[in-house]
Amino acid sequence: MSAQLWALAVAGAVVLVAACLEAYRSRRARRLALSSGPSGLSGHLPINGEEHAPYILYFTGDSCTVCRTHQEPALARLGDVRVDKVDAVAERALADRFHVYTLPTTVVMGADGRALHVNYGYAPAPKLERQLAEARGTTLRTATA
Amino acid sequence: MSTGTQVVDHSALKVNQTGIIATVVVAFIGGAVFRPVLVLIPLLAIVLLLGTFAPQLALFKQLYFKVLKPRGIVKPRPVQDRPEPHNFAQGLGGVFLAVASLLLIPVPFLGLALALIVAVLAFVNLAFGYCLGCQIFFQLERRGLLRA
């Protein structure tokens, strides 16, 4: 029995360390991505007439199965929201700008082209809806200020 | 980037992952009561390695295709995907379980821990769709160290 307990302790420690490293990596990447301004977003800036609408940059790639099986159905559930699909391999510079280290990655962009929320990995529809609602609130506050 | 996508039935992958988790859990708990049950770990390693190179010998996938799918117990879930990363991940799991099997005699807790980590990764894939073995495959392929 003691072998089982030791094994649980070792496996648990490995999982815990991996989870901590992943949390640190995503937090660091998110901080860096959110601190950069709207420069270098040509082609992914708000379109005329959509200045007050937040939108989503969706980083994906050929190798991303979760993108097809989970993320795209979640994005489809958002309804009338602009989603800019970006091939993270083909548009490496843009992916680097948002410190994309895993796919899918979704970035909720404010109407001014500033990143407001970055989700590394699968982001479910309710989470994206909440972030979009916050982004709309931010846009309204900015517009009325 | 080459795509080479085919249709992969993700239900077969899920059944495979469930089989891996169930076998490791049974070996882990059963081994505490009756030590010979630990033989399930080397057997699982053999099943995964055989299934990697000869899909017709992939026990859990065959269980899905021959029993679960025809009887409607598990519904098929075809997805445009590449089978190679999943096969690679399965093979990697098999290799880790083979190493775990070798460790079971001299340092049993380390062998069990390695088997548990394989089960945890299978669970992460089953529950969240994140396949670490597939990511390793893509990284190796991108660096030209591996060909599909």
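Residues numbered from 1 in each chain as written. Chains lettered and ligands numbered in written order. Predicted model: local features only at pLDDT ≥ 70, side-chain atom pairs only at ≥ 80, totals over all residues. Heavy atoms only, no water.

**Observations regarding the interface of chain A and chain B**
Interface size is commonly expressed as the accessible area that is lost once the parts come together. Going by this rule: Residue contacts are defined here by distance: any two heavy atoms, one from each residue, within 4.5 Å place the two residues in contact. Joining two parts hides part of their accessible area as seen by a 1.4 Å probe, and the buried area is that hidden amount summed over both. By convention in these notes, a salt bridge is any Lys or Arg side-chain nitrogen within 4 Å of a carboxyl oxygen on Asp or Glu. Here a polar contact is taken to be a pair of N or O atoms separated by no more than 3.5 Å, where protein atoms must pair a possible hydrogen donor with a possible acceptor and residues adjacent in sequence count only if both atoms sit in side chains.
Of the residues lining the interface, 18 residues belong to chain A; the matching set on chain B comes to 21 residues. Regarding the contact of chain A and chain B, the summed buried area is about 1800 Å², with carbon and sulfur atoms giving 71% of it. Put simply, chain A and chain B have one salt bridge between them. Residue arginine 68 of chain A is joined to aspartate 81 of chain B by a salt bridge in which the shortest nitrogen-to-oxygen separation is 3.5 Å. Run the count over chain A and chain B and you get three residue pairs in polar contact (both at pLDDT 80 or more).

**A few points about the sheet that holds strand β2 (residues 83–87) of chain A**
All names here are of chain A. Stated precisely, the cut-off is as follows: Strands pair, by our definition, only if DSSP identifies at least two bridges between them. Put simply, DSSP H or I for four residues or longer makes a helix, DSSP E for two residues or longer makes a strand, and each gets a number counted from the N terminus. All axes here are fitted lines through C-alpha atoms, helices being fitted over the stretch that makes contact, and every angle between N-to-C directions spans 0 to 180 degrees.
Pairing in this open sheet of four strands is mixed, and the strands run β2-β1-β3-β4 from one edge to the other. At either margin of the open sheet sits one strand with a lone partner, and together these are β2 and β4 (115–120). Between one strand axis and the next, the sheet turns by 20° as a mean value, whatever way the strands run. Sheet topology note: the strand β1 (residues 55–60)/strand β3 (residues 105–109) ladder contains five bridges and is antiparallel. If you follow tyrosine 58 over to β3, its bridge partner there is threonine 106.

**Comments concerning unusual backbone geometry**
All names here are of chain A. Here is the rule we go by: Using a 1.4 Å probe on the protein chains alone, a residue whose accessible area is under 20% of its type maximum counts as buried, one over 50% counts as exposed, and one in between counts as partly exposed.
With omega at 0°, the peptide bond leading from leucine 103 into proline 104 counts as cis. Locating proline 104 in the fold gives a position in the loop between α3 (92–97) and β3. Even without a glycine there, the phi angle at histidine 99 is positive, about 50°. Mapped onto the fold, histidine 99 is located in the loop between α3 and β3. The class of histidine 99 is partly exposed, set by a relative accessible area of 31%.

**With respect to the pattern of salt bridges**
For the coordinates displayed, the defined rule picks out eight salt bridges over all chains. A salt bridge links aspartate 84 of chain A to arginine 82 of chain A, with the shortest nitrogen-to-oxygen separation between them at 2.9 Å. When its relative accessible area of 16% is taken as the criterion, arginine 82 of chain A is described as buried. If you follow the salt bridges from partner to partner, you end up with Arg82, Glu84 and Glu141 of chain B in one network.

**Observations concerning the side chain of serine 11 of chain B**
All names here are of chain B. Checked against the element boundaries, serine 11 lands in helix α1 (residues 10–33). Exposure remark for serine 11: the relative accessible area of 8% places this residue in the buried category. There is a polar contact of 2.6 Å between the side chain of serine 11 and the backbone oxygen of lysine 75. When near neighbours in sequence (up to four residues on either side) are disregarded, serine 11 contacts Tyr64, Val74, Lys75, Pro76 and Arg77.

Note that all results are geometric; they support no functional claim without further evidence.
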